[in-house]
Amino acid sequence: NTFEMLQAAGKDGWLAEARQVVSPNHDERPPDARVRLIVIHSISLPPGRFGGEAIEQLFTNRLDPAADPYFREVYRLRVSAHFLVRRDGQLLQFVATSRRAWHAGASCWRGRERCNDFSIGIEVEGADDQDFTASQYERLATLVRRLRERHPVEAIVGHADIAPGRKTDPGPHFDWRLLRELTDD
């Protein structure tokens, strides 16, 4: 229930309903930083392919560069997100919401740079040229509602919104209207 999930998300920032896969790619938020922003990303590894362990391996620094030609380009990256929503709606958590995940890179929102300092990053397994699933929107909406109960979230944006010209995700197939309807935004 909601109360138990909020308790689980309490001071340690872990959600009970998420499968925990701890990433080393995080650090402390600045002392004055509060979560104000949720950043929606999309990811598939290799690009356009869903399922498998590659995303988890990337976020835990275990991606094998020999497993796919594309992995040779990205296996050295030290990146993470707080959450991943799989195609079937499964929720994984890599970083506690109280910590700064390394998901946004060079970014700016409302004139404030370094969005990782004050945001929660949610990866949705997908690609710019494909629709996301109903299960993903349902899980994402539930997650957003839970995060809003715990943090003073002011906005939900796409990675492309805070890193224009550098990033395109979650892409034109992401249904922002549906997410707003599901979260009563």
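Further up the page is the structure itself.
A few points on the structure. (Residues numbered from 1 in each chain as written. Predicted model: local features only at pLDDT ≥ 70, side-chain atom pairs only at ≥ 80, totals over all residues. Heavy atoms only, no water.)

Remarks on the packing of helix H4 (residues 134-150) against helix H6 (residues 176-183)
As a reminder of what qualifies: To get an axis, a line is fitted to the C-alpha atoms, and for a helix only the part in contact is used. The angle between two axes follows their N-to-C directions and goes from 0 to 180 degrees. Runs of H or I in DSSP of at least four residues are treated as helices and runs of E of at least two as strands, each being numbered from the N terminus. Working rule for angles: under 35 degrees goes down as roughly parallel, over 145 as roughly antiparallel, 65 to 115 as roughly perpendicular, anything else as oblique. Crossing chirality is assigned from the near helix's rotation relative to the far helix, an anticlockwise turn below a right angle marking it left-handed and a clockwise turn marking it right-handed. We call two residues contacting when some pair of their heavy atoms lies within 4.5 Å. Side-chain classes follow a simple rule in which Ala, Val, Leu, Ile, Met, Phe, Trp, Tyr, Cys and Pro form the nonpolar group, Asp, Glu, Lys and Arg form the charged group, and the remainder, Gly included, forms the polar group.
Close contact between H4 and H6 brings their axes to 9 Å; oriented N to C, the two are set at 55 degrees. The angle between the axes of H4 and H6 places the two elements in the oblique class. Every pair of crossing elements has a handedness; the one defined by H4 and H6 is right-handed. Counted together, Tyr137, Glu138, Leu140, Ala141, Val144, Arg145 and Arg148 of H4 and Leu178, Leu179, Leu182 and Thr183 of H6 form the full contact between these two elements. For the contact of H4 with H6, the per-class residue count stands at seven nonpolar, one polar and three charged.

Quick notes on the sheet that holds strand S5 (residues 91-93)
Worth spelling out the cut-off: DSSP calls a pair of strands paired once it identifies at least 2 bridges connecting them.
Pairing is mixed in the open sheet, where six strands are placed in the order S1-S5-S4-S9-S3-S10. Two strands close off the open sheet at either side, each with one partner strand: strand S1 (19-20) and strand S10 (155-158). Examined bridge by bridge, strand S3 (residues 37-43) and strand S9 (residues 119-125) share seven bridges and lie parallel to one another. Bridge pairing in S9 links Ser42 to Val124. Helix-sheet contacts for H4 involve S3, strand S4 (83-85), S5, S9 and S10, and the interaxial angle to S9 is about 170 degrees.

Focus: H4
We count it as follows: What a helix should span is 1.5 Å times the count of its residues minus one. The buried label goes to any residue with under 20% of its type's maximum accessible area, the exposed label to any with over 50%, and the partly exposed label to all in between, with areas taken from a 1.4 Å probe on protein chains only.
Given a rise of 1.5 Å per residue, 17 residues ought to cover 24 Å, and the 25 Å separating the end C-alpha atoms of H4 matches this to within 8%. Within H4 the residues assigned to the buried category are Gln136, Tyr137, Leu140, Ala141, Thr142, Leu143, Val144, Arg146 and Leu147.

Here we look at the packing of aromatic side chains
Quick note on the threshold: Only centres within 6.5 Å qualify two rings of Phe, Tyr or Trp (six-membered ring in Trp) as a pair; their planes then separate them into stacked at under 30 degrees, edge-to-face at over 60, and tilted for everything else. Put simply, a charge is over a ring when the Lys NZ or the Arg CZ is close to the ring centre, within 6 Å, and near the line of the ring normal, within 35 degrees.
For the structure on display, the rule yields six aromatic pairs. Each ring, one from Phe59 and one from Phe94, has its centre 5.0 Å from the other, and the planes form 90 degrees; the classification is edge-to-face. Pair noted here: Phe59 is in helix H2 (residues 54-59) and Phe94 is in the loop between S5 and strand S6 (99-101), with a separation of 35 residues, a long-range link. For the residue pair Phe59 and Phe94, the accessibility class agrees, reading buried in each case. Seen from their ring centres, Phe132 and Phe174 are 5.5 Å apart, and the 75 degrees between their planes marks the pair as edge-to-face. Linking Phe132 in the loop between S9 and H4 with Phe174 in the loop between helix H5 (159-162) and H6, this pair joins segments that are 42 residues apart in sequence. Take Phe132: its relative accessible area is 8%, and that puts it in the buried class. Over the ring of Phe50 we find Arg87; its NZ or CZ atom is 4.2 Å from the centre of that ring.

Comments concerning the pairing of S10
Burial along S10 is two-sided: the face carrying Ala155 and Val157 and the face carrying Ile156 and Gly158 are both buried. Across four bridges, the pairing between S3 and S10 is parallel. Residue pairing in the sheet places Leu37 in a bridge with Ala155 of S10.

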